[in-house]
Amino acid sequence: MKILSSEITPYKTYLNRRKFIKSSLASALLATVSSSVFANHDSNSSVYNKYLNENDKLNSYEEITTYNNFYEFGTHKKHPHLNSGNFKPRPWSIKIDGLVKKPQTFDLEKILSNVTIEDRVYRLRCVEAWSMVIPWQGFQLSELIKMAEPLSSAKYVQFVTVFRPEEMPGQQKRTIIWPYREGLRMDEAMNPLTILATGLYGHEMPNQNGAPIRLVVPWKYGFKSIKSIVEIRFLDTQPETSWETLAPWEYGFYANVNPNVNHPRWSQGTERRIGEFKRRETLMFNGYEKEVAHLYKDLDLTKFY
Amino acid sequence: MFSTRNFNRSKPVLFILILFPSLLWAYQFVTGNLGVNPIEKLMDELGLMALRLIIITLMITTLSNIKPLKSIVVLRRMIGLFAFYYVCLHFSTYIVLDHFLDMKFIIQDIIKRPFITFGFISFLFLIPLASTSTNNMIKRLGFKLWKKIHYLIYLVAILASMHFYVLVRADKTEPVIYMGIIILLLLHRIFKKLTRPQLAQ
C-alpha cells in the first residue's frame, strides 16, 4: 500500500477539524467527559496514516455519526443517531470468561489505564456495499487479550453486546436474537490491525457508533465490528454469531471483504464510498491484503465466506 | 353519495399531491439535502412510493364496491399511471445514478439477485398496463381483453411487495403489512367472484 501523506488529510488538518468539532455545542458536552480516555493518547501522525491509500479521504464526523447500522437503536440508518440519547455508556465493565486462567470483570477505566490509545484511520466496508474512512482512537485487541490470560486451548474469541432494552429501543423488538454476538479466530483477534476503539475524531465514542468500546476489524464486513461490548469469552470451538445464525446463506463466520464472493443481495464487486457519486471497485480484504491474507492461505474463501 | 363529478373535480389536486414528492426529492437530491447516502435514499423513497400507489389502485377497486363510493373508480387510472411514473424513476435511479449505465453489471445483478429479479419482472408487467391505459385502447382491444391484460396488476403487486420483503435485512414488519393488505384485497376479489359471479367484473 502506497502512502502519500500529502494526498490524504494531514494530521494537522484532522486536529483542526477536531478542534472545530469540539467547539460545537453538542460535542462540547461530550468533551467534558473525555479526559480519562485520552490520558494515554499517543498522537503520532505516522501511526495515523499508516493504513490508508492515497485516494482515501476522511469521511466527515456528520457522515460517520448519522448513518449507522446499529439495530439495537432501530433498523434505519438514522435511528442510531436519533434513538441513542438515553444510552448510558458509563460506568462500564467487561466480563472476561471461558477458557482463561481466571474469569474476571474489568472496569473500563482499569483497561484504559493499562493501554495506550492510538489513532487508527481505517476503511470500513459494510456488507451493504457502502464504505467510509473513519479516524478511530483505540488500542490493539491483543493488549486486552494478554490481560485476560487465555489458556492455550482457546482458539476463538466471542464478543457480546450489552442488552438494555430500556435504553436501546431497538432491542424491544425481536428483529435479531439479542444480545448481538460476534466472534473471531484467535489469530484474527491477535492481528495488529484488530482494535478495540474508544473514540472517533478525537471524541469519546458516540453512542450510535458503539459507546463506550467497540471492535474494529477493518478487513471484514462492518457487522463483524461489534459495538458496546460487555463480555468477551474464550472458546475452543467456533462461536455462533448473530447474522450467521439469522441467515447463514448470506453471512458467514469469516465475512472477509471479498469482491469475488457474491452475496445474494448485494454485488460485492463494487461499493459506494459515502460522499462519492460513482461506485469504486471493492478491494480484496478491503485493501488490507498485505496485512491479513496470510491468515487464510489454507482456507477456501468461497466456502468459508 | 359522491358523484363521478366530485371525484373528477378532485383530480387536479390529487395530481399535484402525488407528483409533489418526486419534485421534492429531485430538488433535495440536487441541492444535497437527501442525507448521507442520497442515491440510496432517492431509490428507496421512489420505490416505496410506487409500491404504495400500486396498493392504492387495488384498494380503489375494492372501495368502488361500496355504493356511495362507486365512482371512485374514475381515479384509478391516474393513480395507476403515477405508480408507473414512480417505478420508472426508481428504475432509472438504479440504472443511471447507482450503476452509471454499466449494463453488463446491471444484467448480472438482475439475474443473480432474486430481489432485483422480482422488481424487474414487476416493472416489465407494468409496461403493458400503462401503455393500454387510454379510452382509445380499451375500445381497440375490447373491454374483455383489456380487462384480462389488467389482471397483471395482481402479479405486479405481489412481485413488488416481494421485491421489498427480500430487500429488508431484519425487521420485515413494513413489507409484511403491505403483503397482508395485498392478500386481503385479492381474497376479497376471489370471495366476490365465488359468491356473486354475475356481478364480478
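Data block above holds the structure.
Residues numbered from 1 in each chain as written. Chains lettered and ligands numbered in written order. Predicted model: local features only at pLDDT ≥ 70, side-chain atom pairs only at ≥ 80, totals over all residues.

1. Some thoughts on the overall build of chain B
Now for step 1: Check the secondary structure of chain B and you find nine helices and zero strands.
Now for step 2: Counted from the first residue to the last, chain B has its helices and strands arranged as α-α-α-α-α-α-α-α-α.
Now for step 3: Each principal axis of the C-alpha atoms in chain B carries an extent, and together these give about 50 × 40 × 35 Å.
Now for step 4: Taking all 201 residues of chain B together, 22% fall into the buried category.
Now for step 5: Of the contacts formed within chain B by residues at least 6 apart in sequence, a portion of 64% connects residues at least 24 apart. (Helix = DSSP H or I, 4+ residues; strand = E, 2+ residues; numbered from the N terminus. Buried ≥ 20, exposed ≤ 12 C-beta atoms within 10 Å, placed from the backbone. Contact = placed C-beta atoms within 7 Å.)

2. Side note on the packing of helix 4 (residues 103-112) of chain B against helix 5 (residues 114-131) of chain B
All names here are of chain B.
Now for step 1: Where helix 4 contacts helix 5, the axes come no closer than 5 Å and their chain directions differ by 100°. Taken together, the axes of helix 4 and helix 5 are roughly perpendicular relative to one another. Together, Asp109, Ile110 and Ile111 of helix 4 and Ile116, Thr117 and Phe120 of helix 5 make up the contact between the two elements.
Now for step 2: By residue class, the composition of the contact of helix 4 with helix 5 is four nonpolar, one polar and one charged. (Axes fitted to C-alpha atoms, helices over the stretch in contact; angles between N-to-C directions. Parallel < 35°, antiparallel > 145°, perpendicular 65-115°, else oblique. Nonpolar A, V, L, I, M, F, W, Y, C, P; charged D, E, K, R; others polar.)

3. So, the environment of B:Ile39
All names here are of chain B.
Now for step 1: As for its position among the elements, Ile39 is in helix 2 (residues 38-63).
Now for step 2: Under the C-beta neighbour-count criterion, Ile39 is labelled partly exposed, with 19 such atoms within 10 Å.
Now for step 3: Put simply, Ile39 and Thr93 are 54 residues apart on the chain and 7.5 Å apart in space, counted from C-alpha to C-alpha.
Now for step 4: The contact partners of Ile39, leaving out residues within four places of it in the chain, are Thr93, Leu97 and Asp98.

4. A few points about the interface of chain A and chain B
Accessible area lost when the parts come together is the quantity often used to give the size of an interface.
Now for step 1: Counting residues at the interface gives 17 residues for chain A, matched by 10 residues for chain B.
Now for step 2: Partitioned by chemical class, the residues of the side of chain A that touches chain B number seven nonpolar, five polar and five charged.

5. Concerning the nonpolar core
The tendency in soluble globular proteins is for nonpolar side chains to be buried as a group.
Now for step 1: Counting residues in each nonpolar core, the largest one holds 67 residues, and the members touching the most others are A:Ile134, A:Leu196 and A:Ile229.
Now for step 2: Top element by residues in this core is strand 4 (residues 130-140) of chain A. It accounts for six residues.
Now for step 3: The residues contacting A:Leu196, other than those within four sequence positions of it, are A:Gly138, A:Phe139, A:Leu141, A:Leu144, A:Ile213 and A:Leu215.
Now for step 4: Membership of the second largest hydrophobic core comes to 26 residues, among which are B:Leu42, B:Ala50, B:Phe84 and B:Phe118. (Core = buried A, V, L, I, M, F, W, Y, C linked by C-beta atoms within 7 Å.)

Note that every value here comes from positions in space, so none of it alone points to a role or purpose.
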